[in-house]
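Overview (structure and organization)
The chain contents come next:
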Amino acid sequence: MLAKRIIPCLDVHDGRVTRGQQFGRAEEGGLRDVGDPVEMAVRYDAQGADELVFYDITATAEGRASILDVATRVAERCFMPLTIGGGVRTLEDVTALFRAGADKVSINSGAVADETLIRRAAEHYGAQAVVLSIDAKRRPEGGWEVHTAGGRTATGLDVVAWAERGQALGAGEIVLNSIDADGMTTGYDLDATRAVARAVDLPVVASGGAGHADHMRAVLQYGEADAALAAGIFHRGETTVPEVKRALADAGLPVRLDELGTAA
Amino acid sequence: MRTVLIDYGAGNLHSVAKALDAAGLAPVTSADPEVARDADALVLPGQGHFGQVVASFEASGFAPVVQAHLAADRPFLGICVGLQLLMEGSEEAPGVPGLGALAGTVRRFPEGDVSVPHMGWNTVHAVGDAPLLRDVPDGAHAYFAHSYYVAFEEGDLVGGRTTYGPTTFLSAVSRGAMHATQFHPEKSQRVGLAILRAFGREARAHREASG
C-alpha cells in the first residue's frame, strides 16, 4: 500500500537553513539561522524522512549558485527523493536543478508568470518530475486566492482552478502552502487542502501550519493529502520524523516505518 | 567487475552513480557505446516520456550494444523507464517499439480511483525466489514515481509485485542475468542500497560462473 509521506522542508538563504518560510519575514530581517542544509538533510535521511524539499528563498544569482551546490552535496550523501524550488522561472533553471541532483523541481511564481513553463518542463522531464507549488490565501468571501512573490502579490487566480490548470498543463504533483496557516503551528488549512485534493487526480502535499503530529493526521485524513510537509517542528526539535510516523501508524494511516534500520 | 552506467541523456544519473558506488559497484558513467561494449554489467536508468526516452536511446547508439548484451544474457539492471524499455512498447507512445526482451505492453494507471502519477513509497512483495529482494523484508517500501506500469501476471517471471489502487503491477523482474525495477533503488534509502548490492552480488556470481 502506498504510504503517506512525511516531508521536512528546508528553506535555504545564503547557503543556510532558516526558520520556516513565514511569508514576508525575509525582508524584515526576521530570518534565523537553524543549521547547515547538508548536515540537516543527512539527519532527516537517518530519521527515515520520505522526501526532502529545499526552497531557495533568496532567489538571487548567489542564492541560485548556493542551492545548486546544496543539491549536489545532498544528492551525494542522501539516497532519497529531493524536491528543489524557489525562483524557478525558465527551463534553464529547471535543467540546472535536475543536473545538480533534484528529482523533482518545484515551480511557483514562475508558473503564474508563464504557465507554459509547467508544460515545457513536463514534456522534457516527465510529469513525475514537475511540482506546481501554490501559495494560497483565504478570501474573506470564501475560497482561496493564489499569491506569488513569497505571498506579497495577489494574482486574482482561484486556488482550486489553478491546481486544475496545473494538472492540465502536465504537473505531476501539487504542493499547497497556506499563507494563513504558515508559521502559526495551529494546523494545516484542512479545507483548502481537501478542496484541491478533490479537484485534481494528482498527489497533493499539504504545507504550512504543522504544530504537532495530530495536525498531520488531520490533513492526511480529513484533508485527503498524500503527504504532509513541515519545517519548524522538525528544525526546532519539537518532534522527529519517527515520532510523527508512529503517531500516524497508531491512527491507522499507512506509513513507512523502520525497515533494515532506517533510523541509523 | 566493470559496471557501466549508460548516459543517453535520460536525466539524473548523478544519484544512480552515487548509489551504485555506495553499493560497491563503482560504475563508469559513459555516453560512449564502445565503452559499454565489453562491460561486465550494464545499468540502464530512464525517466520521462517513453517515446522521448526511446528516441534518445536510439540516437545515443547504445541500442545495439544493449541488445547484444541482453542476447548474451550478461548482467543488466534497468531502472524505472529502464524496466519499461525491456517491453515491446508502451501506451504512452503507441507504435514506438521497446527492446522486446519481455512480452507485453506498458499501460497507464486508470484515473479516478487513485492519484496519477503513482508517487511515493509503496510495498514490494517478492514473486518467486527473486534475487534482488533476498536481503529485504517482504513488503519493504521502495520509492516510485511513474504514471505507466507493466501489469503483473502469474507466470514464470520472478521479481516483485506492488499494488496501487485496483492495479497490481510488476515492480521488479529478474530473468537470467537481466534485472529491472520500476521503483528507484537509488532513491529508496537502505532498502534501495540492499537491492543494488544484491544486483552486484548476482552480477559477480554470473561473471565467475561464465569464467
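Scroll up to find the structure this text is about.
Attention here is on the structure that accompanies the text.

Analysis parameters
Residues numbered from 1 in each chain as written. Chains lettered and ligands numbered in written order. Predicted model: local features only at pLDDT ≥ 70, side-chain atom pairs only at ≥ 80, totals over all residues. Heavy atoms only, no water. Helix = DSSP H or I, 4+ residues; strand = E, 2+ residues; numbered from the N terminus. Rg over C-alpha atoms; globule rule 2.2 N^0.38 Å. Buried < 20%, exposed > 50% of the residue type's maximum accessible area, 1.4 Å probe, protein only. Contact = heavy atoms within 4.5 Å. 1 Å grid on protein atoms, 1.4 Å probe; cavity = no way out; pocket = protein on both sides within 12 Å on 5 of 7 lines; lining within 4 Å. Points joined across faces, edges and corners; volume = space filled by probe spheres on them. Nonpolar A, V, L, I, M, F, W, Y, C, P; charged D, E, K, R; others polar. Pairing = 2+ DSSP bridges. Polar contact = N/O pair within 3.5 Å; in protein donor to acceptor, adjacent residues only side chain to side chain. Phe/Tyr/Trp six-rings, centres within 6.5 Å; stacked < 30°, edge-to-face > 60°. Lys NZ or Arg CZ within 6 Å of the ring centre and 35° of its normal. Buried area = accessible area lost by both parts, 1.4 Å probe. Salt bridge = Lys/Arg side-chain N within 4 Å of Asp/Glu carboxyl O. Axes fitted to C-alpha atoms, helices over the stretch in contact; angles between N-to-C directions. Left-handed = near helix turned anticlockwise from the far one by under 90°.

Focus on the overall build of chain B
Across its full length, chain B carries six helices and 12 strands. Its C-alpha atoms give chain B a radius of gyration of 16 Å, within 12% of the compact-globule value 17 Å for 211 residues. Referenced to the eigenvectors of the C-alpha coordinate spread, the extents of chain B come out at roughly 50 × 40 × 30 Å. Expressed as a percentage of the 211 residues in chain B, the buried residues total 60%. In chain B, the share of contacts with a sequence separation of at least 24, taken over all contacts with a separation of at least 6, comes to 68%.

A word on empty space enclosed by the protein
This structure, assessed with the given rule, holds two cavities of 30 Å³ or more. Each pocket or cavity is described by its volume, and for the largest cavity that value is around 130 Å³. The wall of the largest cavity is formed by Asp 103, Lys 104, Gln 128 and Ala 129 of chain A together with Gln 47, Cys 80, Met 119, Tyr 143, Ala 145, His 184, Glu 186 and Lys 187 of chain B. Residues of the lining of the largest cavity, tallied by class, amount to five nonpolar, three polar and four charged. Each pocket or cavity is described by its volume, and for the second largest cavity that value is around 50 Å³.

A closer look at the pairing of strand E9 (residues 153–158) of chain A
All names here are of chain A. Note that strand E8 (residues 144–148) and E9 share three bridges and pair antiparallel. Note that in E9 the partner of His 147 across the bridge is Ala 154. In sequence, E8 turns back onto E9 through a hairpin of four residues, with Ala 149 there showing a positive phi of about 55 degrees.

What about the environment of Trp 144 of chain A?
Residue and element names in this part refer to chain A. With respect to the secondary-structure elements, Trp 144 resides in strand E8. Beyond its immediate sequence surroundings of up to four residues, Trp 144 is in contact with Ala 136, Lys 137, Arg 138, Arg 139, Leu 157, Asp 158, Val 159, Asp 189, Asp 191, Ala 192 and Ala 195. At 3.1 Å, the side chain of Trp 144 forms a polar contact with the side chain of Asp 189.

What to know about the packing of aromatic side chains
Scanning the entire structure with this criterion turns up 10 aromatic pairs over all chains. With 4.3 Å between their ring centres and 35 degrees between their planes, Phe 98 of chain A and Tyr 125 of chain A make a pair best called tilted. Separated by 27 residues along the polypeptide, Phe 98 of chain A in helix H3 (residues 91–100) and Tyr 125 of chain A in helix H5 (residues 116–125) bring together distant segments of the chain. By the burial criterion, Phe 98 of chain A is buried, and Tyr 125 of chain A matches it. Their ring planes at 75 degrees and their centres at 5.7 Å tell us that Phe 144 of chain B and Phe 183 of chain B sit as a pair that is edge-to-face. Here Phe 144 of chain B, found in strand E8 (residues 140–146), pairs with Phe 183 of chain B, found in the loop between strand E12 (178–181) and helix H6 (189–209); they are 39 residues apart in sequence, far enough to count as distant. Accessibility expressed as a relative area gives 0% for Phe 183 of chain B, which makes it buried. An aromatic cluster is defined as three or more aromatic residues linked by ring pairs; in this entry it consists of Phe 109, Phe 144, Tyr 149, Tyr 164, Phe 169 and Phe 183 of chain B. Positioned above the aromatic ring of Tyr 44 of chain A is the side chain of Arg 43 of chain A, whose terminal nitrogen or guanidinium carbon lies 5.7 Å from the ring centre.

Topic: the interface of chain B and chain A
Tallying the contact residues gives 39 residues for chain B and 40 residues for chain A. Overall, the association of chain B and chain A removes approximately 3100 Å² of surface from exposure, summing both partners, and the carbon and sulfur fraction of that is 54%. It is Met 119, Trp 121 and Gln 189 of chain B that lose the most area in chain B upon contact with chain A, and together they represent 23% of the buried surface on that side. With a shortest N-O distance of 2.8 Å, Asp 103 of chain A and Lys 187 of chain B are connected by a salt bridge.

What about the pairing of strand E10 (residues 158–164) of chain B?
Residues and elements named next belong to chain B. When strand E7 (residues 118–127) meets E10, the two strands line up antiparallel, connected through three bridges. Across the sheet, residue Ala 126 finds its bridge partner in E10, namely Gly 160. Where E10 folds back onto strand E11 (residues 167–175) in an antiparallel hairpin, the turn is made up of two residues, including Gly 165, whose phi is positive at roughly 55 degrees.

Overview of the sheet that holds strand E9 (residues 148–149) of chain B
Residue and element names in this part refer to chain B. On the basis of which strands lie adjacent, the open sheet formed by three strands has the order E5-E6-E9 and mixed pairing. On the outer flanks of this sheet lie strand E5 (89–90) and E9, each paired with one strand and no other. Examined bridge by bridge, strand E6 (residues 105–108) and E9 share two bridges and lie antiparallel to one another. If you follow Arg 108 over to E9, its bridge partner there is Tyr 148.

A closer look at the packing of helix H6 (residues 159–169) of chain A against helix H7 (residues 190–199) of chain A
Residues and elements named next belong to chain A. Where H6 contacts H7, the axes come no closer than 9 Å and their chain directions differ by 35 degrees. Regarding H6 and H7, the two cross each other, and that crossing is right-handed. Two secondary-structure elements touch here, H6 through Val 159, Val 160, Ala 163 and Glu 164 and H7 through Ala 195, Val 196 and Ala 199. Class assignment of the residues belonging to the contact of H6 with H7 gives a composition of six nonpolar, no polar and one charged.

With respect to the sheet that holds E11 of chain B
Residues and elements named next belong to chain B. Spatial ordering of the open sheet is given by E2-E1-E3-E4-E12-E11-E10-E7-E8, a layout of nine strands whose pairing is mixed. The two strands at the open ends of the sheet, each matched to only one other strand, are strand E2 (28–30) and E8. Taken pair by pair, the neighbouring strands of this sheet meet at an average axis angle of 30 degrees, ignoring direction. Packed onto the sheet, H6 meets strand E3 (41–44), strand E4 (76–79), E7, E8 and E12 and runs at close to 145 degrees relative to E3.

The values reported here are purely geometric and, on their own, carry no functional implication.
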